[in-house]
Amino acid sequence: MNTSLRIAAAGLVLAAATTAIWLPTPGGDVTPAGSGATPAAPDPPAAAGAAAAEVPELRGEAAAERRSHELELPDGTTVATLNDAVDAAPLAMYWGPMPWSPIVAIERSSAGVDWYRHADGSYSTTQMVWRKDLGRYAAMTRVAHPGPEPAPPATQGVAAAGRR
Amino acid sequence: MQPIRSLAAVAFVTATVSSQVNPFLFYPQDPVRQTVTCTSFVGRPDLSNAAEALMEINTDHMRGVGDANGLIRLFGVYHWIADERLSTVETYDLVVRNGAASGGPDMSPAAEFLRISGLTTPPSSNPMRGTWIAYDGFGIAGGLVITVNQPPYAPPRYYVGVDLPANPLWPTTDGHSLFRADLLNAGTGAVFGENHRLGAPDPTWAGLHGAPSFSTPWTYILGPFVTSPNLQIGGLDPTSNRLGAPGANLSMNGLFPDISGMPRSDGLTLRITDVIAPFGVVFLGGSMGFQPAYFEFSLSGTLIGHSHIGGANPSGPVPLGITTLMAGVREVSIAMPNTLSPSLMGQDFAFQAVVWDVNFDLAEWTNAQVTHL
């Protein structure tokens, strides 16, 4: 499906990959849990176009800023990133083989992290994490699908002396 | 010219939206595509104590994992979280670290290629035990790069893992553990799990701070995300039900098969998987053990990665056939059970493949793996 990702990963066309990430996508928001609402409609493109005609440079910066706070969904739409994440990877990259399931709410965990809850019980989120290897904060895109019943827990330890 | 360029750009963007990455795993079954029946237990590396659950990637066994033309690039960690009480949030770190010269992981901070601290599980109102299939992704721009400037372009050993804090509540009332498949010699009485020949080394480690780390006799559902395709060698032992289902053991049985004939005489199969080119054309090859890393410069820009099964003729790989992936997977039989002579014991055979996406005219080497006969 995406050999381009493979090229980008190999460092052959990183510039092209960056360009692709910044191409326009419709914007949208998700309302908090409990409201019963679904993701809002994208911004009207006509209005954005009118603004662009008047101050094109400013619009370009504003649009880029907005897109950096958007999360691309596997169905091609976007929602706002969560937890103030910037430049998060598209959700499709980490959704796995499960069928796409739409977002139905935002829930905040007791750890203070906001998550999108999906109709099938999956959760997804974005968040900034400190990356010593990069020398900066970087966005993570995270997905958690409900899995099968766990096997019984192993309560027997390993005899460390017997191991290499 | 312009329409072609526009079309290419559109195709690129569309592909980016729909793209995924491959988890590189070492577990008896493929948890992404198969129903997992081989799990022995869920467990922690050192019971309720703090420890890192570490998967070892060792160039004695695997090469070219995440090979981006000489750099290792990892794009996240795939792992299954068993939670004894879903309604309480669990906290963990992700870690990738170098190996120590004396063996096992180097637990010093300087040996950490990556540490991401304080990740937490999703919210839940469910007070029961359950599982999260976790995709913790870094994205392309946030990929971890590990650079080793000489062949085979990888540290001799490095470790990918989940760092678990101490949790005295585990497993009685709460706590985070991982799905694991126990080795035959684990001494845990596991009915299902790994199936290998006796004497095989432990594949995972308990990384400890303030005490010596120790190896652990099981594999985990745990591994890094890569963009390279995966190749695993599966072991076929028709006398065993350790898998809990028909099929090949894709981890320890393929790496350390038993062909002694006393009584086992395992067969071998290759499994190639790729979500990026799920219908790609696969060129399979092999060699007697790993060969020096070889980059085909005439295909630079078309073929990503290095061969570890030989270079240009006359030292090229032994061709083993051409096939295609179907929905991201293909298994190819190498040797049926009871066909490998015990006289081959002690030999190493290496296997690797190229997955070619004909739509984009781009190909990439899988990782290479040996089977230690």
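Computed from a predicted structure; not experimentally measured.

**A short note on the overall build of chain A**
Next, step 1: Regarding its fold elements, chain A presents 5 helices and 6 strands.
Next, step 2: For chain A, the succession of helices and strands along the chain, N to C, is α-α-α-α-β-β-α-β-β-β-β.
Next, step 3: Burial statistics for chain A: of 164 residues in total, 34% are counted as buried.
Next, step 4: Taking the contacts inside chain A whose residues are at least 6 apart along the sequence as the reference set, 44% of them involve residues at least 24 apart.

**With respect to unusual backbone geometry**
Next, step 1: The omega torsion of the bond from Pro151(B) to Pro152(B) falls at 5 degrees, within 30 degrees of zero and hence cis.
Next, step 2: Within the secondary structure layout, Pro152(B) lies in the loop between β12 (144–147) and β13 (157–164).
Next, step 3: A cis amide bond links Trp170(B) to the next residue, Pro171(B), at an omega of -5 degrees.
Next, step 4: The phi dihedral of Asn83(A) falls on the positive side, at around 60 degrees, and the residue is not glycine.
Next, step 5: Secondary-structure assignment places Asn83(A) in the loop between β2 (78–80) and α5 (92–95).

**Concerning the confidence of the model for chain A**
Next, step 1: On average, chain A scores 73 in pLDDT, and the residues at 70 or more come to 60%.
Next, step 2: Taken together, the stretch residues 12–56 of chain A has pLDDT below 50 and engages in 55 contacts with residues farther than four places along the chain or on a different chain.

**Thoughts on the sheet that holds strand β24 (residues 329–335) of chain B**
Residues and elements named next belong to chain B.
Next, step 1: The antiparallel open sheet is built from 3 strands, whose spatial order is β19-β20-β24. Looking at the sheet topology across the chains shown, the edges are occupied by β19 (230–236) and β24. Here the average twist between neighbouring strands, direction ignored, is 25 degrees.
Next, step 2: Where strand β20 (residues 267–273) lies against β24, 6 bridges are found, and the strand directions are antiparallel. Counterpart to Thr269 in the pairing with β24 is Ser333.

**Examining the nonpolar core**
It is characteristic of soluble globular proteins that their nonpolar side chains tend to be buried jointly.
Next, step 1: Counting residues in hydrophobic clusters, the biggest one holds 129 residues, and the most contacted among them are Val96(B), Leu178(B) and Val355(B).
Next, step 2: Those residues within four positions of Val96(B) in sequence are excluded, and the remaining contacts are Leu74(B), Phe113(B), Leu114(B), Leu144(B), Tyr158(B), Tyr159(B) and Val160(B).

**Here's the deal with the interface of chain B and chain A**
Next, step 1: Facing the 69 residues of chain B at the interface are 63 residues of chain A.
Next, step 2: Sorting the residues of the side of chain B that touches chain A by element identifies α1 (2–18), β2 (41–43), β8 (76–83), β10 (112–120), β11 (130–137), β14 (176–182), β16 (214–216) and β26 (362–365) of chain B as the ones contributing at least two each.
Next, step 3: Broken down by element, the side of chain B that touches chain A gets its largest block of residues, 8 residues, from β11(B).
Next, step 4: Across 6 bridges, the pairing between strand β6 (residues 136–146) of chain A and β11(B) is antiparallel. Each bridged residue has a counterpart across the sheet, and for Pro146(A) the counterpart in β11(B) is Trp132(B).

**A word on the environment of Met326(B)**
Next, step 1: Relative to the assigned elements, Met326(B) resides in the loop between β23 (318–324) and β24.
Next, step 2: Linking Met326(B) and Asp274(B), residues 52 residues apart in sequence, is a C-alpha distance of 9.7 Å.

**Quick word on the sheet that holds β10(B)**
Residues and elements named next belong to chain B.
Next, step 1: Ordered by their spatial adjacency, 6 strands build an open sheet running β10-β9-β13-β4-β15-β16, and the pairing between neighbours is antiparallel. The sheet terminates laterally at β10 and β16, the two strands that pair on one side only. Geometrically, the sheet is characterised by an average inter-axis angle of 25 degrees between neighbouring strands, direction not taken into account.
Next, step 2: As paired elements, strand β4 (residues 51–58) and strand β15 (residues 204–207) share 4 bridges and run antiparallel to each other. Directly across from Met55, in β15, lies its bridge partner Thr204.

**A word on the environment of Ala68(B)**
Next, step 1: Residue placement: Ala68(B) occurs in strand β6 (residues 67–68).
Next, step 2: In this structure, the C-alpha to C-alpha distance between Ala68(B) and Ser228(B), residues 160 residues apart in sequence, is 7.7 Å.

Reading the values: rules and limits
Residues numbered from 1 in each chain as written. Chains lettered and ligands numbered in written order. Predicted model: local features only at pLDDT ≥ 70, side-chain atom pairs only at ≥ 80, totals over all residues. Helix = DSSP H or I, 4+ residues; strand = E, 2+ residues; numbered from the N terminus. Buried ≥ 20, exposed ≤ 12 C-beta atoms within 10 Å, placed from the backbone. Contact = placed C-beta atoms within 7 Å. pLDDT = per-residue confidence, 0-100. Pairing = 2+ DSSP bridges. Axes fitted to C-alpha atoms, helices over the stretch in contact; angles between N-to-C directions. Core = buried A, V, L, I, M, F, W, Y, C linked by C-beta atoms within 7 Å.

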